[in-house]
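Here are the chains, one letter per residue:
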Amino acid sequence: MEMENNLPKGWVECSIGEILTAKKGKKPASTIDEPREGYVPYILIDEMEGKQIRTYTNDPKVSIIDETEVLLVWDGSIGKCGSGLKGAIGSTLVGLKALGGIQTKFLEYTIRQQNNFIKETSTGTGLQHINKDFFEICKIPLPPLAEQHRIVAKLDALFEKIENNKQRLEKIPKLLKRFRQSVLAAAVSGKLTEEWREKNKNIECVDLILDKINKEKIKYVKKIKEYIPVSEYETIELPDTWRLGRWDNYLDFSDNPFRRGPFGSVLKKEIFISSGYKIYEQYCPINDDCSFARYFIDEKKYNELKNFAVKAGDFLISCSGVTLGRITQVPDKFDDGIINQAILRVRINQKYFDSKFFLLLFRSPYFQRNIFENSTGSAIPNVKGVEELKSIPAPILSLEEQKEIVHRVEQLFAFADKIEARYTKAKAMLDKLPQSILAKAFRGELVAQDPNDEPASVLLERIKAEKEKLAAEKKLIRQAQGKGKKTKEYSIEEKSVKIAAEKKINYKNKKK
């Protein structure tokens, strides 16, 4: 491909301001919520991104755009752009109109290709703004008009394919979530190990296991309670060799197994220190991470609150808010500390119950639904009470089968994890693809050049003449209105025209 000044033959470099006119949006004096004759849609970023029109205005001082103009976000989420809308634009937006017969879509793709430059040269610390000199300092390669049309057609086709692939990819996380939930549901209902039970009929009878549990429990509990009537809870159909009972059968009653953190003045912030014994908070079960800590207490306070202490193997459960029922297990390497009021600490009898199976049970859709349906509060769900929580029906099965279920679930989850990793990699590649394609397009590598195309330099001369004509017409209109020469600072449109005509600005990017 023949090149001149690193550009394909027939291309030229120009400032983006040379090929367009611009008008900054303005907040209208008033708006209404329903369409009415004489009113136009009021367009903000949400509407630009595809949301429904919410308000309308008839303010004569606002900037009006139509479908042939490109909208560019000037303040805030800078660099976002779109087209195809008609109405008044808000103060954070700028309307750009391509001149010389340049397609609206070509201008939009040009803006998108300059997205990194827009952000690198932006101003503002909290709220970002596009650099006020953007239209002069942003240099673009301009192809011949005919080639622009070919580029737009190719980009439209490629971007449609990308969007279709994105939509297909977006389904994968939901499918994986449903898959994992289905696996857990099958695990706690016995469906996952149907064949295994047929081959392993000599395992210990669950009735004998329950008898042993009750004999041990009676040493620590005055009255053995059966679960609250079935009608008050959702239950599941279980295999003949399993039993359904209160899930507190899982607890190790010899070791203070069921505790909610201390309340009120017992755990005031005034007693917290910079280091010492850790306070375990909701963050731990919510994020499945016991390493987090913001607050600490001294040894004296820790000894006072030892009933709420945490040790390896404990389960920490969120017992309030939208994260009610989230659970994590304290690892072998842990920091001594206590739970706060939003945490329930549970210890299970590991002679009869596998810790990993208990996690699966607690995270299963069946168990989570029972927790929420038997909570109090509408805005902020909360554990209804100790007995209600302990009474949720849970399957009782042999330790051998629990371990087999855990093994099978881990295999299926590992399969799901591999798919998720491939999804993440594919999504990252797909997210980068548009900019790669745009870069290729504006290097002249996406479509073939035609030596018969009119050079872009001729197009640029026509645009210059068109701008001069527009400026002369605007001057005549102002004179007819008796406004004379404008003394205020230039608008975006006028400033870009004047500077581009008078001088060439050399600009260095900000240092990163």
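A.B. asks: With reference to specific residues and values, describe the overall build of the chain.
C.D. replies: Each helix and strand in the chain was counted, giving 15 helices and 23 strands. Expressed as a percentage of the 512 residues in the chain, the buried residues total 44%. Put simply, 76% of the contacts in the chain that link residues at least 6 apart link residues at least 24 apart. Within the structure as shown, the chain displays about 28400 Å² of accessible surface, and the carbon and sulfur contribution to it stands at 50%.

A.B. asks: Lay out the pattern of salt bridges with the relevant residues and their values.
C.D. replies: Overall, the coordinates contain 32 salt bridges when judged by the stated rule. A salt bridge links Glu-108 to Lys-105, with the shortest nitrogen-to-oxygen separation between them at 3.8 Å. Of the two residues, Glu-108 and Lys-105 are both situated in helix H2 (residues 104-113); the distance of 3 residues between them amounts to about one turn of the helix. For Glu-108, a relative accessible area of 6% gives the class buried. Within this structure, Asp-255, Lys-311, Asp-314 and Arg-347 form a network of salt bridges that share partners.

A.B. asks: Just give me the short version of the sheet that holds strand E8 (residues 70-73), but keep the residues and values in it.
C.D. replies: If you trace the 4 strands from one edge of the open sheet to the other, you get E4-E11-E8-E9, paired in antiparallel fashion. The sheet is open, and its two edges are formed by strand E4 (20-24) and strand E9 (81-83), each paired on a single side. With strand direction ignored, the average angle separating the axes of adjacent strands in the sheet is 25°. Looking at chain direction, E8 and E9 are connected through 3 bridges and run antiparallel. Looking at the pairing, Leu-72 lines up with Cys-81 of E9.

A.B. asks: Explain the packing of H2 against helix H13 (residues 399-441) residue by residue, including any values.
C.D. replies: Where H2 contacts H13, the two axes come as close as 9 Å, and the packing angle between them is 115°. The angle between H2 and H13 places the two elements in the roughly perpendicular class. The handedness of the crossing between H2 and H13 is left-handed. On H13, the residues that touch Tyr-109, Arg-112 and Gln-113 of H2 are Gln-435, Leu-438 and Ala-439. Considered class by class, the residues forming the contact of H2 with H13 number 3 nonpolar, 2 polar and 1 charged.

A.B. asks: I'd like a rundown of the environment of Ile-65, residues and numbers included.
C.D. replies: Relative to the helices and strands, Ile-65 resides in strand E7 (residues 64-65). Looking at Ile-65, the relative accessible area reads 2%, which means it is buried. Residues within four places of Ile-65 in sequence aside, it is in contact with Lys-23, Ile-43, Leu-71, Leu-85, Lys-86, Gly-87, Ile-89 and Gly-95.

A.B. asks: Account for the nonpolar core, with residues named and values stated.
C.D. replies: Ile-19, Leu-72, Leu-96, Phe-134, Phe-135, Leu-142 and Leu-155 are the most contacted members of the largest nonpolar core, which totals 49 residues. Per element, the largest residue contribution to this core is 6 residues, and it comes from helix H5 (residues 145-189). Discounting chain neighbours no more than four positions away, the residues touching Leu-72 are Gly-79, Lys-80, Cys-81, Thr-92, Leu-93, Val-94, Leu-96, Ile-111, Ile-118, Ile-130 and Phe-134. If you look at the next biggest cluster of nonpolar residues, it comprises 48 residues, including Val-206, Trp-247, Phe-367 and Ala-394.

A.B. asks: Would you mind going over the sheet that holds E7 in detail, with residue names and values included?
C.D. replies: Read across the open sheet, the 4 strands follow the order E6-E5-E10-E7; overall the sheet is mixed. Each end of this open sheet is capped by a strand with a single partner; those strands are strand E6 (56-57) and E7.

A.B. asks: Lay out the side chain of Asn-370 with the relevant residues and their values.
C.D. replies: Inspection of the secondary structure puts Asn-370 in helix H11 (residues 365-373). Among residues more than four places away in sequence, those in contact with Asn-370 are Tyr-233, Glu-234 and Ile-392.

A.B. asks: Kindly report on helix H10 (residues 355-363), identifying the contributing residues and their values.
C.D. replies: With respect to burial, H10 is a largely interior element, 7 of its 9 residues being buried. Of the positions making up H10, those classed as buried are Ser-355, Phe-357, Phe-358, Leu-359, Leu-360, Leu-361 and Phe-362. One side-chain oxygen at the N-terminal end of H10 lies 3.0 Å from the backbone nitrogen of Lys-356; it belongs to Asp-354.

A.B. asks: Could you give an account of the packing of aromatic side chains, naming the residues involved and the relevant values?
C.D. replies: All told, the structure shown has 19 aromatic pairs when counted by the stated rule. Look at Trp-247 and Phe-358: their rings are 5.8 Å apart centre to centre, the planes differ by 40°, and that puts the pair in the tilted class. Remark: Phe-358 occurs in helix H10 and Trp-247 occurs in the loop between strand E13 (243-246) and strand E14 (258-260); sequence separation between them is 111 residues. Centroid distance Phe-358 to Phe-362: 5.6 Å. Interplanar angle 50°. Geometry classified as tilted. Taken together, the residues span about one helical turn, with Phe-358 and Phe-362 both in helix H10 at a distance of 4 residues. Of the two residues, Phe-358 and Phe-362, both sit in the buried class. Here the aromatic cluster, defined as three or more aromatic residues joined through ring pairs, consists of Trp-247, Tyr-250, Phe-258, Phe-315, Phe-353, Phe-358, Phe-362, Tyr-366 and Phe-367. A cation sits over an aromatic face here: Arg-259 above Phe-308, 5.4 Å from the ring centre. Looking at Lys-390, its charged tip hangs above the ring of Phe-258, at a distance of 4.8 Å from the centre.

Calculation notes
- Residues numbered from 1 in each chain as written.
- Predicted model: local features only at pLDDT ≥ 70, side-chain atom pairs only at ≥ 80, totals over all residues.
- Heavy atoms only, no water.
- Helix = DSSP H or I, 4+ residues; strand = E, 2+ residues; numbered from the N terminus.
- Buried < 20%, exposed > 50% of the residue type's maximum accessible area, 1.4 Å probe, protein only.
- Contact = heavy atoms within 4.5 Å.
- Areas by Shrake-Rupley, 256 points an atom, 1.4 Å probe, with all protein chains shown as cover.
- Salt bridge = Lys/Arg side-chain N within 4 Å of Asp/Glu carboxyl O.
- Pairing = 2+ DSSP bridges.
- Axes fitted to C-alpha atoms, helices over the stretch in contact; angles between N-to-C directions.
- Parallel < 35°, antiparallel > 145°, perpendicular 65-115°, else oblique.
- Left-handed = near helix turned anticlockwise from the far one by under 90°.
- Nonpolar A, V, L, I, M, F, W, Y, C, P; charged D, E, K, R; others polar.
- Core = buried A, V, L, I, M, F, W, Y, C linked by side-chain atoms within 4.5 Å.
- Polar contact = N/O pair within 3.5 Å; in protein donor to acceptor, adjacent residues only side chain to side chain.
- Phe/Tyr/Trp six-rings, centres within 6.5 Å; stacked < 30°, edge-to-face > 60°.
- Lys NZ or Arg CZ within 6 Å of the ring centre and 35° of its normal.

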